[in-house]
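Observations on the model geometry
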Protein chains: 2
Amino acid sequence: MQNPFKNEIIIDGLQYCNWNRHLFEDLLNGGITAVQVTLIYWENTKETFEKINEWEKNFIKYKDIISFAQNSNDVLNSKKNNKLAILFGFQNSAPIGNDIYLLEKFFSKGVRFMQLTYNNQTFLGGGCFESHDSGLSRFGHAVVEEMNRLGMVIDLSHAGKKTCIDAINYSTKPVSFTHANPLFFHNSKRNIDDLVLKNLATKGGVIGLSLYPFHLKNNSKCKLEDFCNMIIKLVNMIGIDHVGIGSDLCKNWDDEVVMWMRNGKWTKKLDYGESKNNSISWPKQPNWFTKGSDFINIYEGLKKVGMRESEIFKILGKNWLRFYKEIFG
Amino acid sequence: MQNPFKNEIIIDGLQYCNWNRHLFEDLLNGGITAVQVTLIYWENTKETFEKINEWEKNFIKYKDIISFAQNSNDVLNSKKNNKLAILFGFQNSAPIGNDIYLLEKFFSKGVRFMQLTYNNQTFLGGGCFESHDSGLSRFGHAVVEEMNRLGMVIDLSHAGKKTCIDAINYSTKPVSFTHANPLFFHNSKRNIDDLVLKNLATKGGVIGLSLYPFHLKNNSKCKLEDFCNMIIKLVNMIGIDHVGIGSDLCKNWDDEVVMWMRNGKWTKKLDYGESKNNSISWPKQPNWFTKGSDFINIYEGLKKVGMRESEIFKILGKNWLRFYKEIFG
């Protein structure tokens, strides 16, 4: 059977993996065109530039299968060359500290996505785990302006509700949730309520739906059919043009990494994130999405719940590509 | 006439100067025992350690007139040796970024005071210039615990009201405003309302009253008598043991430094702070407090409005010394 993705643009809006040849090949062979890779969570400026250095080595080492994408044309060319396109993103604003001038420096190194916050409050705004969300701060307003000017994607994943609304309203360009689900699907601090989703869509933004177990109905036991029916409901609510996938897939990491994601350097105690039984391990992926190439299962699932193919491909990649083109060309 | 400060402990709770021999000698000859010096506003970790390096050079260069104080005994010994005691403080939490482990590293280098915020929101809490104050964040709670453990003074100057109340309540030790005035004296974003002042005192904290013109009634034209009557009113409200002086004196800087204090690296526009006419210059000091040795004028002013000498000396230094002893020994 020919891969139905062969002539389509398929984009995973966010993954956080300990990358190797096997993982790149799985995506490439699975027909995935591009993936945004997470460079950092808590890292400071210097540590972040070092992560970029490591990727420069990857682009040499794996030049037969991956290529660096800084704009939508790079994504298209990468597909033509039968390579997986890699886009850089930050899951926090820690790398810029309180220095607005660092944004352009990171942008010039190819960083195209930045979250304003990661669970906790930052200089820019409130995180989704905080009991009181400040909304966009004074610096946050200045940063949104600068990201608009540069063409860097404002990613509101892991932000608090007020910060989301403030940023959607203040930004002159559409914004995104690269990886999150609707709150109506599953009650999680990370998922997004109807009002915010509607505001996002009104301004032309995109949400990448997450496959991370804590964001899913019934967590690891989530059924593909439930996930696909959630997509139908969401499309009916905010429109077909505003929905994508951002799998939040985390592969090839030891368990200590999930605890580091939760605790960073901000506490000497242990924070278990959204684990209800204080697990220190990675949550188990649903059996229909254990690897990047399982995009095909979402494709099949959406067909099964009655979605037309042209709509499915908007969700699996075309919407991200349009959004990328609008934000960073 | 003998200097009335000769046998007394006189402490200026905060100054920000471009220090030189003349400035140290002015304080020493004026009978000042100790001063907290501001190391940084917006500086990151590395830049902050470099500031400490510079002070290590100062302690050699000026060893005949200054000495480094890391506890209250150091302050007393410094006076015995006829030297000015120098205590280190931060006017922001920028140096620790999101890394709680840095607190102990800075503490071990002698840093005894840290503000949670400087006008703007930080990882820890809300600033007094923000339109929405988050209160103490998740990281803010962790940092307050760690500062309590280490014995580092929590300085709420430049913080928002909710952050102040949260920190006063959450801290197991008394906290301070090293440099601010009551809001009843002058309406400024930097000044503190009655409720917060009462909470501060109830928990055993100290406010250092500021001589920075924007914190004073009639700004540069503030009369000594008005300042001293404010002290009487404040003492009646929160008690004699909770009032000190933190002059916020800024000497020997070019005008560009006041703009850097306001703008740091957080905006590409110009922020004028509390200057009502968008001045880019330092505000003019009131004529009775233009230099550190003008503490004598406050002493005379307080006598004139009828305060007893034993009370005056609590305000001019004894309260800070008691507080220092309680927090960092």
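Cut-off values and rules
In this numbering scheme, every chain counts its residues from 1 along its sequence in written order. Written order determines the labels here, with chains lettered from A and ligands numbered from 1. This being a predicted model, a pLDDT of at least 70 is required before a residue's local features are given, and a value of 80 or more before pairs of side-chain atoms are given or counted; all residues contribute to the totals for chains, interfaces and linings. By definition, any uninterrupted DSSP run of H or I lasting at least four residues is a helix, any uninterrupted run of E lasting at least two residues is a strand, and each is numbered from the N terminus. Only C-alpha atoms enter the radius of gyration; for comparison, a globular chain is expected to reach 2.2 Å times N to the power 0.38, where N is the number of residues. Three classes are used. A residue is buried when 20 or more other C-beta atoms lie within 10 Å of its own, exposed when 12 or fewer do, and partly exposed in between, with C-beta atoms placed from the backbone. Each residue is represented by a C-beta atom placed from its backbone, and any two residues with such atoms within 7 Å are regarded as in contact. Scored from 0 to 100, pLDDT records how confident the predictor is in each individual residue. As a working rule, the residues Ala, Val, Leu, Ile, Met, Phe, Trp, Tyr, Cys and Pro are called nonpolar, Asp, Glu, Lys and Arg charged, and the rest polar, with Gly in that last group. Alignment of copies: least-squares fit on C-alpha atoms of residues with pLDDT of at least 70 in both copies. Between N-to-C directions, angles cover 0 to 180 degrees, with each direction set by a line fitted to C-alpha atoms, over the stretch in contact for helices. Should an angle fall under 35 degrees it is called roughly parallel, over 145 degrees roughly antiparallel, and 65 to 115 degrees roughly perpendicular, with every other angle called oblique. Left-handed describes a crossing whose near helix is turned anticlockwise from the far helix through less than a right angle; right-handed describes the clockwise counterpart. Any nonpolar core is a set of buried residues, restricted to Ala, Val, Leu, Ile, Met, Phe, Trp, Tyr and Cys, that join up through C-beta atoms within 7 Å. A strand pair is defined by DSSP finding two or more bridges across the two strands. Look down the strands so they point away from you; if going from the first strand over the helix to the second traces a clockwise path, that crossover is right-handed. To estimate how far a helix should extend, the number of its residues minus one is multiplied by 1.5 Å. The angle separating two fitted axes, one through the seven residues that finish at a residue and one through the seven that start at it, defines the bend at that residue.

1. A look at the overall build of chain A
The helix and strand inventory of chain A stands at 11 helices and 9 strands. Here the C-alpha atoms of chain A give a radius of gyration of 18 Å, agreeing with the 20 Å that 2.2 N^0.38 yields for 329 residues. Expressed as a percentage of the 329 residues in chain A, the buried residues total 51%. Contacts spanning at least 24 positions in sequence make up 70% of the contacts within chain A whose residues lie at least 6 apart.

2. With respect to the confidence of the model for chain A
Summary statistics for chain A give a mean pLDDT of 97 and a share of 99% for residues scoring 70 or more. Taken together, the chains of this predicted complex give a pTM of 0.97 and an interface ipTM of 0.95.

3. Structural notes on the interface of chain B and chain A
Chain B puts 28 residues into the contact, and the matching count from chain A is 28 residues. Considering each element in turn, the side of chain B that touches chain A owes the most residues, 3 residues, to helix α5 (residues 138-150) of chain B. In the side of chain B that touches chain A, the residues fall into 9 nonpolar, 13 polar and 6 charged.

4. Quick word on the relation of the copies chain B and chain A
Look at the two chain copies: a rotation about an axis and a shift along it is all it takes to match them. Each copy superposes on the other: chain B lies on chain A with an RMSD of 0.0 Å after a rotation of 180 degrees and an axial shift of 0.0 Å. A rotation of that kind, with that shift, is consistent with a two-fold axis. Taking C-alpha positions as reference, the residue of chain B nearest the rotation axis is B:S134, located at 2.2 Å. A shared binding surface is used by both copies, with 100% of the interface residues of chain B retained as interface residues in chain A.

5. Observations concerning the packing of helix α8 (residues 224-238) of chain A against helix α10 (residues 295-304) of chain A
Residue and element names in this part refer to chain A. Where α8 meets α10, the axes come as close as 9 Å, and the angle between the chain directions of the two elements is 70 degrees. Between α8 and α10, the interaxial angle falls into the category roughly perpendicular. Crossing handedness for the pair α8 and α10: right-handed. Contacts from L224, E225, F227, C228 and I231 of α8 reach α10 at N297, G301, L302 and K304. Of the residues assigned to the contact of α8 with α10, the class counts are 5 nonpolar, 2 polar and 2 charged.

6. Some points on the nonpolar core
Formed by 180 residues in total, the largest nonpolar core has its most connected members in A:A167, A:I207, A:I231, B:A167, B:I207 and B:I231. Other than its neighbours up to four places away in sequence, A:A167 contacts A:L116, A:L136, A:V144, A:I154, A:L156 and A:V175.

7. Here we look at the pairing of strand β7 (residues 176-180) of chain B
Residue and element names in this part refer to chain B. Of all 5 residues in β7, 5 are buried, a share of seventy percent or more. Here β7 pairs with strand β8 (residues 206-209) via 3 bridges, running parallel. By the bridge assignment, S176 is partnered in β8 with V206. Traced from β7 through helix α7 (residues 194-202) to β8, the parallel crossover comes out right-handed.

8. A short note on helix α11 (residues 309-328) of chain A
Residues and elements named next belong to chain A. Helix length check: α11 (20 residues) gives 27 Å between terminal C-alpha atoms against 28 Å at 1.5 Å per residue, within 8%. I315 marks the point of greatest bend in α11, at about 60 degrees. Listed in full, the buried residues belonging to α11 are I312, K314, I315, L316, G317, K318, N319, W320, F323, Y324, I327 and F328.

9. Considering the environment of B:F113
Residue and element names in this part refer to chain B. Residue position: F113 is located in strand β5 (residues 111-115). Residue classification places F113 among the buried positions, given that 26 C-beta atoms sit within 10 Å. For F113, the residues in contact, after removing those within four places along its chain, are Q36, G89, F90, V153, D155 and T178.

10. Topic: the pairing of β8(B)
Residue and element names in this part refer to chain B. Side chains V206 and G208 project from β8 onto one buried face, and the interleaved I207 and L209 project onto a second face that is buried too. Two strands pair when backbone bridges link them, and β8 and strand β9 (residues 243-245) are joined in this way by 3 bridges, in the parallel orientation. Note on β9: the bridge partner recorded for G208 is G244. With helix α8 (residues 224-238) bridging β8 and its parallel neighbour β9, the resulting β-α-β unit is right-handed.

11. Describing the environment of B:M261
Residue and element names in this part refer to chain B. When you line up the elements, M261 lands in helix α9 (residues 255-263). For M261, a count of 20 C-beta atoms within 10 Å translates into the label buried. Between the C-alpha atom of M261 and that of K223, which follows or precedes it by 38 residues, the distance is 26 Å.

12. So, unusual backbone geometry
Phi is positive for A:N82, close to 60 degrees, though the residue is something other than glycine. On the secondary structure map, A:N82 appears in the loop between α3 (72-80) and β4 (84-90). According to the C-beta neighbour criterion, A:N82 is exposed, with 10 such atoms within 10 Å. For B:N219, which is not glycine, the phi torsion reads 50 degrees and is therefore positive. For B:N219, a count of 18 C-beta atoms within 10 Å gives the class partly exposed.

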